[in-house]
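# A structural walkthrough
So the chains spell out like this:
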Amino acid sequence: MLQQRIALVGFGAIGRAVFDILKNEPRLQIAQIIVSEARREAVQAELGELAAGMAVQALTDVPVGDDRPDLVVECAGHSAIQAHVLPALAAGIPCMVVSIGALSAPGLAEQLEAAADKGRTQVHLLSGAVGGIDALAAAKVAGLDSVVYTGRKPPLGWLGTPAEDTLDLRNLTESTLFFSGSARDAARLFPKNANVAATLSLAGIGLDNTRVELYADPTVKENIHYYEAQGAFGFMAVTLKGKPLASNPKTSALTVYSVVRALHNRVLPVAI
């Protein structure tokens, strides 16, 4: 039976949900949970007896020697990629990355590639909250002409973003387009909402050529992702109405399941 020792970076809504699903999976042992020093004691207290069988470490502690994991799974954001994923890759440890939006930062995608090349290993960018990434990446082989992504959320879902500068989000009565531009600009202006657009860009025609439209829509209750792609392969359109995690309405439940699926594919006899 294949087995993997995993270092889980981050124990927020995503990391905690992944842990809860996998804690009794014998083939996937979460050997380390890596959080900030400020959260270390709180996470140990939350895990209780479960913490006895694993290390709860600070983000600056890269597991080495006997503590070296088979795989690092990032669920913690941009700073974790810099502090932990890059060194792990350079040391030859394969990694999975959830925070794809961070790769819109200039040079970070190239740093990941260089670190993985140095360590002769691989970084797996997870599909997260959107579907059809396998088909889009396959279509890229033949050549893509266009990819257009539309993100639609209830108005209050855009609180704390530049949408507030132009819209009265608390009193909006009809669907309103407030951003139209490249995926790179969308990621720069809306970094906490950039993961889906960045994932589509990396699977398809890049941050500058992927078009993004963002709507605040009082008629919807879910976060709705829709994209169209056209090219030599033909045409595809994907719509996903994602339910949020119960523990964090800003996080898609599908993001958690995409992590679990990718981990199962490393150890199950049949992968799909």
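Residues numbered from 1 in each chain as written. Predicted model: local features only at pLDDT ≥ 70, side-chain atom pairs only at ≥ 80, totals over all residues. Heavy atoms only, no water.

## Notes on the pattern of salt bridges
Stated formally: For this analysis, a salt bridge means a side-chain nitrogen from Lys or Arg found within 4 Å of a carboxyl oxygen belonging to Asp or Glu. A run of H or I in DSSP becomes a helix once it reaches four residues, and a run of E becomes a strand once it reaches two; helices and strands are each numbered from the N terminus. Accessibility here uses a 1.4 Å probe with only protein chains present; expressed as a share of the type maximum, an area under 20% marks a residue as buried, one over 50% as exposed, and anything in between as partly exposed.
Counted by the stated rule, this structure contains six salt bridges. Note that Asp217 and Arg152 form a salt bridge whose closest N and O atoms lie 3.2 Å from each other. Highlighted residues: Asp217 in the loop between β9 (211-216) and β10 (223-231) and Arg152 in strand β7 (residues 144-153), separated in sequence by 65 residues. Of the residues examined, Arg152 reaches a relative accessible area of 22% and is grouped as partly exposed. We note a salt bridge from Arg184 to Asp208, for which the minimum N-O separation is 2.8 Å. Residue Arg184 is located in helix α6 (residues 183-189), and its partner Asp208 is located in the loop between α7 (195-203) and β9; the two are separated by 24 residues in the primary sequence.

## What to know about the packing of helix α3 (residues 78-90) against helix α4 (residues 108-119)
To keep it simple, the criterion reads: Whenever a helix is involved, its axis is fitted only over the stretch in contact; in every case the axis is a line through C-alpha atoms, and angles between N-to-C directions fall within 0 to 180 degrees. Angle categories: roughly parallel below 35 degrees, roughly antiparallel above 145, roughly perpendicular from 65 to 115, and oblique for all the rest. Throughout, a residue-residue contact means that at least one pair of heavy atoms, one from each residue, lies within 4.5 Å.
For the pair α3 and α4, interaxial distance at closest approach is 7 Å and the crossing angle is 25°. Relative to α4, the element α3 is oriented roughly parallel. In contact with His78, Ile81, Gln82, Val85, Leu86, Leu89 and Ala90 of α3, α4 contributes Leu108, Gln111, Leu112, Ala115, Ala116, Lys118 and Gly119.

## Comments concerning the sheet that holds strand β3 (residues 55-58)
Where we set the bar: Each pair of strands is called paired provided DSSP finds at least two bridges between the two strands.
Taking strand neighbours across the sheet as the criterion, the six strands line up as β3-β2-β1-β4-β5-β6 in an open arrangement whose pairing is parallel. Strands with a single pairing partner mark the edges of an open sheet, and in this sheet they are β3 and β6 (123-125). With strand direction ignored, the average angle separating the axes of adjacent strands in the sheet is 25°. Sheet contacts for helix α1 (residues 13-22): β1 (4-9) and β2 (28-35); angle to β2, the most-contacted strand, approximately 160°.

## With respect to the domain arrangement of the protein chain
What counts, and what does not: Note that the domain bounds reflect an automated or database-derived domain assignment. Buried area: the sum, over both parts, of the accessible surface (1.4 Å probe) that disappears when the two are put together. We call two N or O atoms a polar contact when they sit within 3.5 Å, provided that within protein one can donate a hydrogen and the other can accept it, with sequence-adjacent residues counted only if both atoms are side-chain atoms.
We note that the domain assignment places domain 1 (4-129 + 253-266) and domain 2 (133-241) within the protein chain. Counting residues at the interface gives twelve residues for domain 1 and twelve residues for domain 2. With both sides pooled, the region where domain 1 packs onto domain 2 buries about 790 Å², and carbon together with sulfur makes up 69% of that total. Applying the counting criterion to the domain 1 and domain 2 interface returns zero salt bridges. Inspection of the region where domain 1 meets domain 2 yields two residue pairs in polar contact (both at pLDDT 80 or more).

## Thoughts on the UniProt feature "active site" (unreviewed entry) in the protein chain
For clarity, the cut-off: UniProt positions are given in the numbering used here, feature names are shortened, and annotations may be inferred rather than shown by experiment.
Cross-referencing UniProt, the feature "active site" (unreviewed entry) maps to His225 in the present numbering. In this structure, His225 sits in strand β10. When residues no more than four places from it in sequence are discounted, the contact partners of His225 are Ala129, Tyr149, Thr150, Val196, Val238, Thr239 and Leu240. Of the polar contacts made by the side chain of His225, one reaches the side chain of Tyr149; its length is 2.8 Å.

## Observations concerning the confidence of the model for the protein chain
Going by this rule: pLDDT is a residue-level measure of predictor confidence that goes from 0 to 100.
Per-residue pLDDT for the protein chain averages 90, and the proportion of residues at 70 or more is 96%. For the protein chain, the element scoring lowest by mean pLDDT is strand β13 (residues 248-252), at 76; strand β5 (residues 95-97) scores highest, at 97.

## Let's talk about the sheet that holds β7
Ordered by their spatial adjacency, five strands build an open sheet running β8-β9-β7-β10-β11, and the pairing between neighbours is mixed. On the outer flanks of this sheet lie β8 (176-182) and β11 (234-242), each paired with one strand and no other. Averaged over neighbouring strand pairs, the angle between their axes works out to 10° when direction is ignored. In terms of strand pairing, β7 meets β10 through eight bridges, oriented antiparallel. Across the sheet, Thr150 pairs through a bridge with Tyr226, a residue of β10. Along the sheet, helix α5 (residues 133-142) contacts β7, β10 and β11; its crossing angle with β7, the most-contacted strand, is approximately 155°.

## Regarding α7
Across the nine residues that make up α7, a large majority, seven, are buried. Within α7 the residues assigned to the buried category are Val196, Ala197, Ala198, Thr199, Leu200, Ser201 and Ala203. Residues of α7 that are buried sit in contact with α5, β7, α6, β9 and β10.

## Here's the deal with the pairing of β9
Relative to β9, β7 runs parallel, the two being bridged by six bridges. In the sheet register, Arg152 faces β9, and the bridge partner there is Tyr215. With six bridges joining them, β8 and β9 adopt antiparallel strand pairing. Bridge pairing links Leu177 to Tyr215 in β9.

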